[in-house]
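One-letter residues, chain by chain:
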Amino acid sequence: MLDAFSRAVVSADASTSTVSDISALKAFVASGNRRLDAVNAIASNASCMVSDAVAGMICENQGLIQAGGNCYPNRRMAACLRDAEIILRYVTYALLAGDASALDDRCLNGLKETYAALGVPTTSTVRAVQIMKAQAAAHIQDNPSESFAGAKLRKMGSIVVEDRCASLVAEASSYFDRVISALS
Amino acid sequence: MKSVVTTVIASADAAGRFPSTSDLESVQGSIQRAGARLEAAEKLAANLDNVAKEAYDACIKKYSYLNNSGEANSTDTFKAKCARDIKHYLRLVQYCLVVGGTGPLDEWGIAGQREVYRALGLPTAPYVEALSFARNRGCAPRDMSAQALTEYNALLDYAINSLS
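Just so it is clear, the model here is predicted, and its values are computed rather than measured. Every chain is numbered on its own, with residues counted from 1 as its sequence reads. Written order decides the labels, with chains lettered from A and ligands numbered from 1. Per-residue local features of the predicted model are confined to residues with pLDDT of at least 70, and side-chain atom pairs are confined, for both listing and counting, to 80 or more; whole-chain, interface and lining totals are unaffected and use all residues.

K.L.:
How should I be thinking about the overall build of chain B in this particular structure?
P.N.:
Secondary structure is summarised from DSSP: a helix means a run of H or I of at least four residues, a strand means a run of E of at least two, and numbering begins at the N terminus for each. Counting its secondary structure elements, chain B contains seven helices and zero strands. Reading the helices (α) and strands (β) of chain B from amino to carboxyl end gives α-α-α-α-α-α-α. Its C-alpha atoms put chain B at 60 × 40 × 20 Å along the principal axes. What counts as a contact here is a pair of residues whose C-beta atoms, placed from the backbone, lie within 7 Å. Sequence separation of at least 24 residues holds for 69% of the intrachain contacts in chain B that already meet a minimum separation of 6.

Below, the structure written as structure tokens:
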């Protein structure tokens, strides 16, 4: 498992040279607190994000909870919620490290084959991950949708900077996209 | 590669939980010290060849018998290899400064070190002398800030201890 720093070291070692692009790492350090806030925003809202994503997936495809569906009975629904939480957790690790290797090695490697063997429908899984991607962006920006959240609207209330952490939103989205492309 | 962030993630993963507040605190502690480390890494990378050359010259000066026929610094090829070895250690020190831990030195420098030098019949004392020279050569604020120099010297000490 690597982070942004050890990734730079491993690629420099491949050419027996010193790490030359220090400025990128300095930028990582300079925006360190924003990154930690972003990780905290996801971790603090994780159970809400997971249940919303799975509920949204089922709303769009009611067949999942009818007899014979993949989220029926409760036992399989519970497995689905657990898996969504696991995927979100590894995305959070990747965001904390600033590198996708924890996500790749520990979560995505072999996931597609496992789901194929267990008969888990890819399209539904991808839909749940897409919903979590949108939620993560909203929570990192601390800008959740009032029309969707209604009375359950919840803000972190941390100091929001001008660009609303656009680079971190993009980075988190890229990790969700990684999950989506690994599954499809 | 072991660093503060990967250690935090590994233990959070073993417990199956999201990064907790204390996990984030440890990462923040590492980030706070990163400025000095990256400064040292930047300055060392810019001067790596000179630092290595001076350290190499110092150790050959002290152990001049190495230039005798049949010894480790006797031919041009051997001389180039000795200088390269010193440069390798300094490069690994630079990696450690970037990562913020001793992972690169441990994995790529120290593991198997003793066995290799024994098999090749190389003395370790000259390496110690070269790294010690580099250890005492750095000067704040001429070369880098005091905090950066502390981080740099600590890693050289670590490499010296592994050889002695």
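Here the narrative resumes.
K.L.:
Mind showing me how you'd approach the interface of chain A and chain B here?
P.N.:
Accessible area lost when the parts come together is the quantity often used to give the size of an interface. Each partner contributes residues to the interface: chain A has 29 residues there, and chain B has 28 residues. Secondary structure elements with two or more residues in the side of chain A that touches chain B: α1 (4-14), α2 (22-30), α3 (32-44), α5 (74-97) and α6 (101-108) of chain A. In terms of residue count, α1 of chain A provides more of the side of chain A that touches chain B than any other element does, six residues in total. Its residues assigned to classes, the side of chain A that touches chain B shows 18 nonpolar, six polar and five charged. Each residue gets one label: Ala, Val, Leu, Ile, Met, Phe, Trp, Tyr, Cys and Pro are nonpolar, Asp, Glu, Lys and Arg are charged, and the others, such as Gly, are polar.

K.L.:
How should the environment of lysine 2 of chain B be read in this particular structure?
P.N.:
Residues and elements named next belong to chain B. Looking at the secondary structure, you find lysine 2 in the segment before α1 (4-15). Expressed as a C-alpha distance, the spacing of lysine 2 and glutamate 39, which sit 37 residues apart in the sequence, is 21 Å. Among all residues touching lysine 2, those that are not within four sequence positions of it are Thr7, Gly101 and Gly103.

K.L.:
For this particular structure, what's the right way to read the packing of α1 of chain B against helix α2 (residues 21-62) of chain B?
P.N.:
When two helices pack together, their arrangement is captured by the angle between the axes and the distance separating the axes. Residue and element names in this part refer to chain B. Each axis is a line fitted through C-alpha atoms, and for a helix only the stretch in contact is used; angles between axes span 0 to 180 degrees, taken between their N-to-C directions. The N-to-C vectors of α1 and α2 enclose an angle of 170°; their axes lie 9 Å apart at closest approach. Between α1 and α2, the angle falls in the class roughly antiparallel. Facing α1, whose interface residues are Val4, Val5, Val8 and Ala12, α2 presents Asp23, Ser26, Val27 and Ser30. Residue composition of the contact of α1 with α2, grouped by class: five nonpolar, two polar and one charged. Angles are sorted into four bins: roughly parallel if under 35 degrees, roughly antiparallel if over 145, roughly perpendicular if 65 to 115, and oblique for all others.

K.L.:
Help me out: how do you make sense of the environment of arginine 137 of chain B in this one?
P.N.:
All names here are of chain B. Mapped onto the secondary structure, arginine 137 falls in helix α6 (residues 125-137). To sort residues by burial, count the other C-beta atoms lying within 10 Å of each one's C-beta; a count of 20 or more means buried, 12 or fewer means exposed, and anything in between means partly exposed. C-beta atoms are built from the backbone. Note on arginine 137: 13 C-beta atoms within 10 Å, which makes it partly exposed. The spatial distance from the C-alpha of arginine 137 to the C-alpha of glutamate 25 is 35 Å, given a sequence separation of 112 residues.

K.L.:
Would you mind going over unusual backbone geometry with me for this structure?
P.N.:
If a residue is not glycine, its phi is most likely negative; likewise, a peptide bond is most likely trans. Cis rather than trans, the peptide bond between tyrosine 72 of chain A and proline 73 of chain A has omega equal to -5°. Along the polypeptide, proline 73 of chain A turns up in the loop between α4 (46-60) and α5. Here alanine 140 of chain B and proline 141 of chain B are connected by a cis peptide whose omega angle stands at 0°. The residue proline 141 of chain B is located in the loop between α6 and α7 (146-163) in this model. At threonine 16 of chain A, a position not held by glycine, the phi torsion is positive, near 50°. Looking at where threonine 16 of chain A falls in the secondary structure, it is placed in the loop between α1 and α2. Classification of threonine 16 of chain A as exposed rests on a count of 10 C-beta atoms within 10 Å. One non-glycine residue, aspartate 142 of chain A, lies in positive phi territory at about 55°. Judged by the 18 C-beta atoms lying within 10 Å of it, aspartate 142 of chain A is partly exposed.

K.L.:
Even after reading the chapter, I still don't get the nonpolar core, so can you show me in this structure?
P.N.:
In globular proteins that are soluble, nonpolar side chains generally tend to be buried together. Structurally, a nonpolar core is described as a collection of buried Ala, Val, Leu, Ile, Met, Phe, Trp, Tyr and Cys residues joined by way of C-beta atoms within 7 Å. Ranked by internal contacts, the top residues of the largest apolar core, which has 100 residues, are Val91 and Ala172 of chain A together with Ala55 of chain B. Top contributing element to this core by residue count: α2 of chain B, with 14 residues. Those residues in contact with alanine 172 of chain A that lie beyond four places of it in its chain are Ala38, Val91, Leu95, Ala136, Ala137 and Ile140 of chain A.

K.L.:
Is there a simple way to explain the packing of α2 of chain B against helix α3 (residues 76-99) of chain B in this structure?
P.N.:
Residue and element names in this part refer to chain B. Look at α2 against α3: their axes get within 9 Å of each other, and the N-to-C directions meet at 170°. The angle between α2 and α3 places the two elements in the roughly antiparallel class. Contacts from Arg37, Ala40, Ala41, Leu44, Ala45, Leu48, Val51, Ala52, Ala55 and Tyr56 in α2 reach Cys82, Ala83, Ile86, Lys87, Leu90, Arg91, Gln94, Leu97 and Val98 in α3. Residue classes in the contact of α2 with α3 are distributed as 15 nonpolar, one polar and three charged.

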